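Listed below are the residues making up each chain.
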Amino acid sequence: MPSCGWLLALSLAALTGNTAAAVTNDPTERNCTLKPPYLPSTAVDTILQLQELRALMLSMNISAYIIPGTDAHLSEYIAPRDSRMAFMTGFTGSAGTAVVTQTKAALWTDSRYWVQAERQLDCNWELEKDVSISNVAAWLLSEVPSGGVIGFDPFLFSLKTHENYDINLESSNRSLKSIPENLVDRVWKTRPHVLPYNLTRLPDRVIQRSWQVKVGDIRAQMMDNPFEPTALLLSALDETAWLFNMRGNDIPYNPFFYSYTLLTMDEIWLFVHTERLTEDLKVYLNTSCDGLLCVQLKDYGTVLDDLKKYVAKPGVKVWVGTEYTNYAVYEIITPQDKLLTSSYSPVLTTKAVKDDTEQQVLRDAHVRDAVAVIQLLMWLEKVVPEGTETELSASEYADELRSKQNDNKGPSFETISASGPNAALAHYNPTNETNRKLTVDEMYLIDSGGQYLDGTTDITRTVHWGQPTAMQKEAFTRVLMGNIEISRTIFPSGTRGVNMEMLGRQALWEVGLNYGHGTGHGVGNYFGVHEWPVGFQSNNIGFKAGMFTSIEPGYYKENDFGIRIEDVAVTVPFHTKYGRDFLTFDTVSLVPYDRKLIDTSLLSPQQIQWLNNYYETIRRLVGPELDKQNLKDEKEWMLRNTEPFTESGSSASICSSSLTLIALAFSLLHNIV
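Residues numbered from 1 in each chain as written. Predicted model: local features only at pLDDT ≥ 70, side-chain atom pairs only at ≥ 80, totals over all residues. Heavy atoms only, no water.

Trainee: Before we move on, could you go through helix α1 (residues 47-59) and cite the residues and values that matter?
Mentor: A rise of 1.5 Å per residue sets the reference length of α1, with its 13 residues, at 18 Å; its end C-alpha atoms lie 19 Å apart and thus fit the reference within 8%. If you check which residues of α1 are buried, you get Gln49, Leu50, Leu53, Arg54, Leu56 and Met57. Viewed along the axis of α1, the buried residues span an arc of 160°, placing them on a single side of the element. The outward face of α1, more than 90 degrees from its buried face, is lined by the exposed residues Leu48, Leu58 and Ser59. Those residues of α1 that are buried lie in contact with β1 (64-68), α2 (84-89), β2 (97-101), β3 (105-108) and α6 (183-187). One or two steps after α1, the chain reaches Asn61, where phi turns positive at roughly 60°. (Helix = DSSP H or I, 4+ residues; strand = E, 2+ residues; numbered from the N terminus. Expected span 1.5 Å × (residues − 1). Buried < 20%, exposed > 50% of the residue type's maximum accessible area, 1.4 Å probe, protein only. Arc of directions from axis to C-beta. Contact = heavy atoms within 4.5 Å.)

Trainee: Could you give an account of the state of the cysteines, with specific residues and numbers?
Mentor: Scanning all chains against the criterion turns up two disulfides. A sulfur-sulfur distance of 2.0 Å marks the disulfide that ties Cys32 to Cys123. With the S-S bond torsion at -95°, the cross-link from Cys32 to Cys123 turns out left-handed. Highlighted residues: Cys32 in the segment before α1 and Cys123 in the loop between α3 (114-120) and β4 (126-128), separated in sequence by 91 residues. Overall, Cys32 belongs to the partly exposed group, its relative accessible area being 34%. Across the chain, the way the bonded cysteines pair up, counted in sequence order, is 1-2, 3-4. (Disulfide = S-S within 2.5 Å.)

Trainee: So what about the pairing of strand β11 (residues 268-272)? Which residues, and what values?
Mentor: With five of five residues buried, β11 lies mostly within the body of the structure. Every second residue of β11 is oriented toward a common face, with Ile268, Leu270 and Val272 on one face and Trp269 and Phe271 on the other, all of them buried. Pairing analysis gives four bridges linking strand β10 (residues 260-264) to β11, with the strands arranged antiparallel. When the sheet's bridge partners are listed, Leu263 is paired in β11 with Ile268. (Pairing = 2+ DSSP bridges.)

Trainee: Describe the packing of helix α15 (residues 470-488) against helix α17 (residues 605-628), and please don't skip the residues or the numbers.
Mentor: Across the interface, α15 lies against α17 with an axial gap of 10 Å and an inter-helix angle of 80°. In terms of orientation, α15 lies roughly perpendicular with respect to α17. Contacts from Leu480, Met481, Ile484, Glu485, Ser487 and Arg488 in α15 reach Gln606, Gln607, Trp610 and Leu611 in α17. Split by residue class, the contact of α15 with α17 holds five nonpolar, three polar and two charged. (Axes fitted to C-alpha atoms, helices over the stretch in contact; angles between N-to-C directions. Parallel < 35°, antiparallel > 145°, perpendicular 65-115°, else oblique. Nonpolar A, V, L, I, M, F, W, Y, C, P; charged D, E, K, R; others polar.)

Trainee: Lay out the pattern of salt bridges with the relevant residues and their values.
Mentor: Evaluated as defined, the whole model comprises 32 salt bridges. A salt bridge links Glu52 to Lys189; its shortest N-O distance comes to 3.6 Å. With a gap of 137 residues between them, Glu52 in helix α1 and Lys189 in the loop between α6 and β7 (200-201) connect regions that are remote in the sequence. Note that Arg402 and Asp369 form a salt bridge whose closest N and O atoms lie 2.5 Å from each other. On the criterion of sequence distance, the pair formed by Arg402 in helix α14 (residues 391-403) and Asp369 in helix α13 (residues 356-383) is long-range, its members being 33 residues apart. (Salt bridge = Lys/Arg side-chain N within 4 Å of Asp/Glu carboxyl O.)

Pasting the structure below:
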């Protein structure tokens, strides 16, 4: 699924039209200009929570209070108990910032969610569409009087967020006040509790490095650092989960658990809800001893107090990764000579390179995932002409098919199931109001993924069950060309994705087309579907062998259709004629593309060769799994859709003669490469 870098403003009228939901004459969006205002049934009454928050602010002499839509670990996905913005506003989108003063309340969110916000907000809230911090600050300057105090929860501010607010409010005679006790929590009487589930450890069959080995590796990196840190603070949830080979269930779609870790040269402090650790886990973590590889359990809520005590010691220096460290823990590491910063902690950069076992089990997970996606596409091909299926039913069936695969732990994100104009919104998710029937007359895009005990998957396929237009076919082929060009490129180890990202756009640029989201993101081993710091964006690190990333160019025609082709690939060594430290990508997503949308006359011989090699890989790896699961019809469908392409003609033609010899040749070529 596409990450960071929002689409350019797309027409949200794409959400209207051929919906499968019940038709109603009532408007679906609020109208605050009417007397009395009109509110749809989906709007949430926020009068009570605003009254209580404002009373609390008044008692503390707070003029405005900022409510970000994140958690204390700056997570992309957050738990229900951290949905403070949703509680205050009624808006449930995944991105936004709310601000409350004594007389006004405003919500900032991006173009993906404008329609949703108009459906969920009541008329106590203004909707602001410029999400930049400078715009939020400008609004604050207009609403907060000189001398006013602007409160915020430092646990919900990144270092960069705090810096940007500080810069924009500088010399304004308004002050930012850090308030560690969240004010929304104080008025949220029904706030959900931490889930009671016990934490778990990964089975040995999916692990190569024990947690003790990982701790030793990270300590070695601390010793090698010329700035001589004495401790490393881990704040991102996937950092602690990776370090100890543990998983939890606190965050939707992500197997993480609330935690911090402070690692020194002779101690390991794990901040966690200790009641959730079984006796077996305590033995696993060596919690009953005091040695170098013994974990000292500390309550999750004591992280600030214990960190203060550590920082108060003479001669200490704490290393933090600024991208995922909240301002609350940062501001207590003083003076500055006790602080060492880097964009990412050594845990995140080490985790980015998968070891041999992680690579193999992640490949295995993609084989099983391919079976589920092939089942879905074959089923859709059969039932869509009957006119009974919708975006929602397809999404639900995708989850059902994955759930039947070994080691499946659920979806890795909310499925993007989009038909016709809905697919023109790259981050669209179907609802009862926007749900469209699937038809042979429209293109269909499904971006979905699964969590497996051995890996995380993310794949997008775009199909057409009828006759695509010439424009649709060309656009699809050019998106495919971008995917192939990145996938087949050879580059020096250490090259950053941002420096090759344009390869995914070049074929589109040649005819004046483009897309407005990122081209790829890292993918984990039963972790987050967006795993930083790998990918093709400016703040990603350089590629090394063993990194997994998505490759996902696209094209979106407003109010008409959307195309995205997304695969996950791993960086592997490539031995060139003169240099050895070079890499290329090996695609591990294993589902064929829609043949009727491919115009081979636009493809170069090298691109066709890559495509045929890829299809032979699908046959070689997925075929045996389909046999194992006794899926004969799916096997035939896969073989039919992975037949080799010829290099001539204006469509995805198949060479009918010597098919076996051609497939064998491509198989040999693939094995050599």
